[in-house]
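# Descriptive analysis of the structure
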Amino acid sequence: MYSFRTVSVIPELPENINRLSELARNLWFSWHPQAEQLYSKLDTILWEKVNHNPVKFLLNVDTLRLFEAAKEAEYCNLYQRVMRDFDNYMQGDTWFKKNYPEHNNQLVAYFSAEFGIHESNPVYSGGLGLLAGDHSKSASDLGLPFVGVGILYKQGYFCQRINREGWQEAHYSFMDFNEMTVTPAIHPEGGEVIITVRLPGRDVFIKVWQLQVGRVVLYFLDSDLTQNSRDDRLLTSKLYGGGQDTRICQEIILGIGGVKALRQLGIAPTAWHINEGHAAFIILERMRELIQNNIPFVTAKEAVRTSTIFTTHTPVPAGHDVFDAGMIDSYLGYLYEELKLDRESFLGLGWDTSRQGFNMTMLALHHAAYTNGVSKLHGEVSKKMFSHLYLGIPLEEIPIQAVTNGVHTETWVAPEIRALFENYIGSEWAQSISEASQWQRVYDIPDQELWSVHQVLKSRMIKFVQNNIYRRMERNFQPLELIRECAGYLSKDILTIGFARRFATYKRAYLLFKNKERLARLVNHQERPVQLIFAGKAHPADGPGQELIKMINDISAEEQFRGKIVFVEDYDINVSRHLLQGVDVWLNTPRRPHEASGTSGQKAAVNGIINCSVLDGWWPEAYNGENGFAIGTDKDYQDDDEQDQEDASSLFDLLEQVIIPYYYRRVDGMPREWLRHMKDSLATIPWQFSTERMVKEYTQRFYLKAAIRGLAFEANQCQMADHVHKFKNNLTNNWHQISFRSVQVDQPQALLAGNEISVKAEVYLGSNKPEDIIVEVVYGKVSDHGLEATSLIPMNIKQTVSENTYLYETKIVLKMGTSGYTVRIRPKNDFFAQIYELPLVKWAENF
C-alpha cells in the first residue's frame, strides 16, 4: 500500500455565521437543541445521514445553502441567540467558582476506558461510558476544574446488524478523526503531543487528541501512527476487542500513557479519579515519577494513595480484569526495578488470592484513599465482596462509600418536555436541576399538555422504529409483503414497553418470555393490548447474550407476536434517545443484586416515562410506591431458576392487575391515574438522580479532600506522606501488643430510657502511644450479623494504672428498644482519610 496524507477541506463560511465551525468542535451543541438546529435547518437529510456530526456535516453541506442561510433573518436570529448563549456559558460564573474560589488552581483528572458523549463520537459501549460522558458534561456545567482521559478507538464499538436469521453480526468501520469533533492536542511550546509507552521489547508511540465538552477538555490516546508496527497501530482499534494481551496493552496505554500525556501537556492534576479498574495503572506511573525524584517507594505509595479516588461499577467478582503473573512479568516487569521492588512485592500491589492473578480492582482499591460504589445497594454489595480485606471490621464501617449515579438531564430530556419545564418549572430550571423543591411544580402541568407532548414523542419514536426495521428488512432481502407490513407495526394508542440495554444474561431480557402463552394473551388482548420494543448489543464474545437476541428476533417473527414485539438494531445514543423519550414504560429486569446502578431508567424518568424495575441498582433509592412499579421483592435468592420464576410471575401480575388497567382507564378521555404517576416520577426522580447532584457530591466528599491532602502529602519531598507511612508501619508491627486487661460495666438493675451506663476499660498498649489509638464504645441495634446503625462513643483516659496500662472511662445513655454495645480499640491519626484507613481493630473479648 502506498502512503498518502489525509486532509479535510472545510467550506468557506459566510462571515456572519462563521462561528459554526467553532461550535462544531465543542460538544456543548449536543445538549442545546437550538444549537443543533443551526445544522439541521441547513439540510435535515444530511444532518441525519452524518449521525448528527457537525464537523462532517460542514465538510459535506452545499456551500450555496450556507450563503442562502446567511441571508435569512430567521436563521441569523437563531444563530445570534445560540452564540450568545454559548459565550455566556463559556465565560459566565459557575457553581464551583462561587463556592470554592480558593480551589480554582486545583484540577481533577478523570480516567475512563470509554466516554459516551454523543453518537458522533462512538467510543463507548454502554452504561460505563455514558456515565463518564454525563459526568464530564456536569463537570462543565458546574465549572469544575476537570480533564478527562480516555482512548480514541479507531473502530469504536461495533455496529450491530441483525441478519435474516435474527443473529447479531458485528461490523466495524474505521473512523476518520478529521471528520470528528476531536482535534490534535497541542504541546504548550507548539506541535502535536506524541508520547511513548513501553510494551514488551519496544516503545509504542501514542498521539494525543482532545475533545472540548463545554468548559472541560477530554484527552484521547491513539496508537494508529506510522511510527508503530501494524499490530501496535491496532492496539487502540476496538473498544473491548481482542484478547487478554490487547486488554492489558490498552490499559497500559490508558493508565501509564494517560499520565504521561497530561505531563507533556503541562497539566498537573491534584485529584485523580479512576473510573473502574481499567485505568488503575495510573497508580504505578505516578509512583514511578515520585521514585525517580528520590522518594522511597513506601512514601510514594502513601502520597499517591491520598489523592486517588476509585469508583467500582461491577458487583460480580468475575467482572473485574485479572492478568496472570506471567503477563505482568512480560508487560510490566521493567517496573520492578524502577519501583525498587522485587517481583513478589510488585505482584502484591494487586494480587487476588482467590483468582490467582493480578486484579486491577485490587490495585485500585489498595491505592485509593476514597473508594465508592455507584448506588447504596452496590456500596453494600461491594463491602461484602471485599470484606476479607477488612477482617474484624463491621460491614457498615468498611471504607467503601456510595455515590449513586445520575444522568445529565439536559442531554436526555426531549425538547418538547424541556419546553414544559421552562413554562411550568421556570426558564432557569436547568440552572439548579438538583434543587428538589422546584420539581414540585410539575404538578402544575395540565394533564392535557403532558399527554399531548407524550403522544407526539411516542409517534416520533414509533416512526423511528419502523424505519429501523424497514432498513433491516430491505437489507436482508425479506419478502416484499413483510417489508410493506412493517409500516403498520406498533401503534401510539397501545401501551408500549421498552427494554433497551447491553444484552448481558444477568439483565434477563428473557424474563417476559418465561411464559409465552401469558405474554401472547397480553399482546393480543382485544381491548387492552401491549406492545414491546427491545434493543441492545451483546459483546461479540458473549455467546449467551447473542443467543438472547436471536431468541427475541425469532419470537418477534412468530405470527402471534409479529408487529407487536420488535427488536431495534444498532443500539446507540441516538436509538436510546428515541426509545427513552417515547415508550410508556421502561422495563428493567436484572438479577438482583447484580446491577450496580443502571441509569437508563433515570433518563426515561426525565421524560415522564414510568419505570417498572426489579429493586436493584438505583431503583430501591427512588421507588416510593407512587412514582413507578417494583417487580418482586428485595429478598435474596440462592437459586437462579427460583428467582427467575418468582420475578416473572410478579411482573406478569403487575402488568395484568396494575399497569395495564392504569394505562387504559380513562376519565374524560384522559388516563388520569397514569398521568399522576408520570408527574410523581418527574417530581421525585430527575433532581435526585442527576449528574449535577452526583458531581457536586463527588466534589464535596472526595475531590476537594483528595486535592488538599494530595498537595499536603507531596509537599517538602512528601514529608507528610513519609510521616503517615511510618505511623502505619509502626502501629501495624506493634498492634499485637495491645490488649484489654479488663472491662467493667456499671448499669442500673432496671433499664429505663435515659439511664446512663458507666463503662470502664483497662488497656495495655505496650510500646504504642495513647494518642495513636482510640478506645470507644460501639452502640447500636442488634441484628443477625452483629450491631448496625451504630454510634461511636469515645472513652477518655481516667488514670495511668501502670507503665503502658491505662484506665479508660465513658458513659452511654440508653435508648428505647433492644440495643447492644461493646468496646474496641482502633488506630487514630488526624491525617487518615477514613477511620479504617489502617484496617486494624481489637475488640473486648467475652463482653
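The sections below set out a description of the structure shown in this document. (Residues numbered from 1 in each chain as written. Predicted model: local features only at pLDDT ≥ 70, side-chain atom pairs only at ≥ 80, totals over all residues. Heavy atoms only, no water.)

## Things to note about the overall build of the protein
Worth spelling out the cut-off: Helix and strand assignments follow DSSP, with helices taken as H or I runs no shorter than four residues and strands as E runs no shorter than two, numbered in order from the N terminus. Using a 1.4 Å probe on the protein chains alone, a residue whose accessible area is under 20% of its type maximum counts as buried, one over 50% counts as exposed, and one in between counts as partly exposed. Note on areas: Shrake-Rupley with a 1.4 Å probe; residue coverage comes only from the protein chains shown. For the purpose of counting charges, residues Lys and Arg are taken to be positive, whereas Asp and Glu are taken to be negative. His and the chain ends are not included. Working definition for charges: the position is that of NZ of Lys, CZ of Arg, CG of Asp or CD of Glu.
Counting secondary structure elements, the protein contains 29 helices and 29 strands. By principal-axis analysis of the C-alpha atoms, the protein measures approximately 95 × 70 × 50 Å. Expressed as a percentage of its 847 residues, the buried residues of the protein come to 59%. Element-wise, carbon and sulfur atoms account for 48% of the exposed surface of the protein, whose accessible area totals about 34,500 Å². Seen as two clouds, the 87 positive and the 104 negative side-chain charges of the protein have centres 1 Å apart.

## Focus: the sheet that holds strand β11 (residues 322-323)
Under the convention used in this document: Paired strands are those between which DSSP finds at least two bridges.
Pairing is antiparallel across the open sheet formed by three strands, whose spatial order is β11-β13-β12. The strands lining the two open edges of the sheet, one partner per strand, are β11 and β12 (351-352). Sheet topology note: the β12/strand β13 (residues 357-359) ladder contains two bridges and is antiparallel. The partner of Trp351 across the bridge, within β13, is Phe358.

## As for the side chain of Arg247
What counts is decided by this rule: Any two residues whose heavy atoms approach within 4.5 Å at even a single point are treated as in contact.
Tracing the backbone shows Arg247 in helix α10 (residues 244-264). Setting aside residues no more than four positions away along its own chain, Arg247 makes contact with Tyr240, His278, Asp321 and Phe323.

## A closer look at the environment of Ala683
Tracing the sequence through the fold places Ala683 in helix α28 (residues 672-684). Assessed through its relative accessible area of 1%, Ala683 is described here as buried. Apart from the residues lying within four places of it in its own chain, the contact partners of Ala683 are Trp439, Gln440, Val442 and Tyr443.

## Looking at the side chain of His103
Where we set the bar: Counting of polar contacts relies on pairs of N or O atoms within 3.5 Å, with two restrictions inside protein: one atom must be capable of donating a hydrogen and the other of accepting it, and residues adjacent in sequence are counted only when both atoms are side-chain atoms.
Along the chain, His103 turns up in the loop between α7 (95-99) and β1 (108-112). Since its relative accessible area comes to 9%, His103 is described here as buried. One polar contact links His103 to Gln106, side chain to side chain, over a distance of 2.9 Å. Apart from the residues lying within four places of it in its own chain, the contact partners of His103 are Phe96, Pro145, Leu704 and Ile708.

## Focus on the packing of helix α20 (residues 447-475) against helix α24 (residues 573-582)
This is how it is decided: Whenever a helix is involved, its axis is fitted only over the stretch in contact; in every case the axis is a line through C-alpha atoms, and angles between N-to-C directions fall within 0 to 180 degrees. Throughout, the term roughly parallel applies to angles under 35 degrees, roughly antiparallel to angles over 145, roughly perpendicular to angles from 65 to 115, and oblique to all others. Whether a crossing is left-handed or right-handed is set by the direction in which the near helix is turned from the far one by less than a right angle, anticlockwise for left-handed and clockwise for right-handed. Classification convention: Asp, Glu, Lys, Arg as charged; Ala, Val, Leu, Ile, Met, Phe, Trp, Tyr, Cys, Pro as nonpolar; all other residues, Gly among them, as polar.
Put simply, α20 and α24 touch, their axes get as near as 8 Å, and they point 140° apart. Viewed along their axes, α20 and α24 adopt a mutual orientation that is oblique. Viewed along their axes, α20 and α24 form a crossing whose handedness is left-handed. Across from His454, Leu457, Lys458, Arg460, Met461, Phe464 and Val465 in α20, the residues of α24 making contact are Asn574, Val575, His578, Leu579, Gln581 and Gly582. Tallied by class, residues from the contact of α20 with α24 come to six nonpolar, five polar and two charged.

## A look at the packing of aromatic side chains
The condition that has to hold: Centre distance within 6.5 Å is the pairing criterion for rings of Phe, Tyr and Trp, where only the six-membered ring of Trp is used; planes under 30 degrees apart are then read as stacked, over 60 as edge-to-face, and the remainder as tilted. For a Lys NZ or an Arg CZ to count as sitting over a ring, it must be within 6 Å of the ring centre and within 35 degrees of the ring normal.
Scanning the entire structure with this criterion turns up 38 aromatic pairs. A ring pair is formed by Phe421 and Trp429, whose centres lie 5.1 Å apart and whose planes are at 70°; its orientation type is edge-to-face. Note on Phe421: relative accessible area 1%, which makes it buried. Accessibility expressed as a relative area gives 1% for Trp429, which makes it buried. Centre to centre, the rings of Trp619 and Tyr623 are 5.5 Å apart; their planes meet at 35°, and the pair counts as tilted. Through a chain of ring-to-ring contacts, three or more aromatic side chains come together here, namely Trp451, Phe629, Tyr662, Tyr663, Tyr664 and Trp674. Taking NZ or CZ as reference, Arg215 lies 4.1 Å from the ring centre of Tyr89, over its face. Positioned over the ring face of Phe158 is Lys537, at 5.1 Å from the centre of the ring.

## Some remarks on the packing of α10 against helix α13 (residues 325-332)
Interhelical geometry of α10 versus α13 gives an angle of 50° and a closest axis separation of 11 Å. With respect to their mutual orientation, α10 and α13 come out oblique. Once α10 is placed against α13, the crossing between them reads as right-handed. Counting all contacts with α10, which are made through Gln244, Asp245, Ile248, Cys249, Ile252 and Ile256, the residues of α13 involved are Met327, Ile328, Tyr331 and Leu332.

## Focus: the pattern of salt bridges
Applicable threshold: What makes a salt bridge here is a side-chain nitrogen of Lys or Arg within 4 Å of a carboxyl oxygen of Asp or Glu, nothing more.
Scanning the model with the defined rule gives 53 salt bridges in all. With a shortest N-O distance of 2.7 Å, Arg562 and Glu485 are connected by a salt bridge. Here Arg562 is found in the loop between α23 (543-556) and β18 (565-568), whereas its partner Glu485 is found in helix α21 (residues 480-485), with 77 residues between them in sequence. Where Lys760 meets Glu809, a salt bridge forms, and the shortest distance between an N and an O atom there is 3.9 Å. Note that Lys760 is positioned in strand β23 (residues 756-764) and Glu809 in strand β27 (residues 805-813), a separation of 49 residues in sequence. A relative accessible area of 32% means that Lys760 is categorised as partly exposed. On the basis of relative accessibility, which here comes to 17%, the residue Glu809 falls in the buried class. Counted as one network, the salt bridges with shared partners bring together Glu302, Arg305, Arg709, Lys728 and Glu837.

## Some words on the pairing of β18
Selection criterion: Place the viewer so that the strands point away; then a crossover is right-handed whenever the path from the first strand over the helix to the second strand goes clockwise.
Here β18 shows no split at all, with Ile565 and Phe567 on one side and Val566 and Val568 on the other all buried. In this view, the connection linking strand β17 (residues 530-535) to its parallel neighbour β18 by way of α23 has right-handed handedness.

## Side note on α20
Formally: A helix is expected to span 1.5 Å multiplied by its residue count minus one.
The end-to-end C-alpha separation of α20 is 42 Å, in line with the 42 Å expected for 29 residues at 1.5 Å each. With its phi angle positive at about 55°, Phe477 sits one or two positions after the end of α20.

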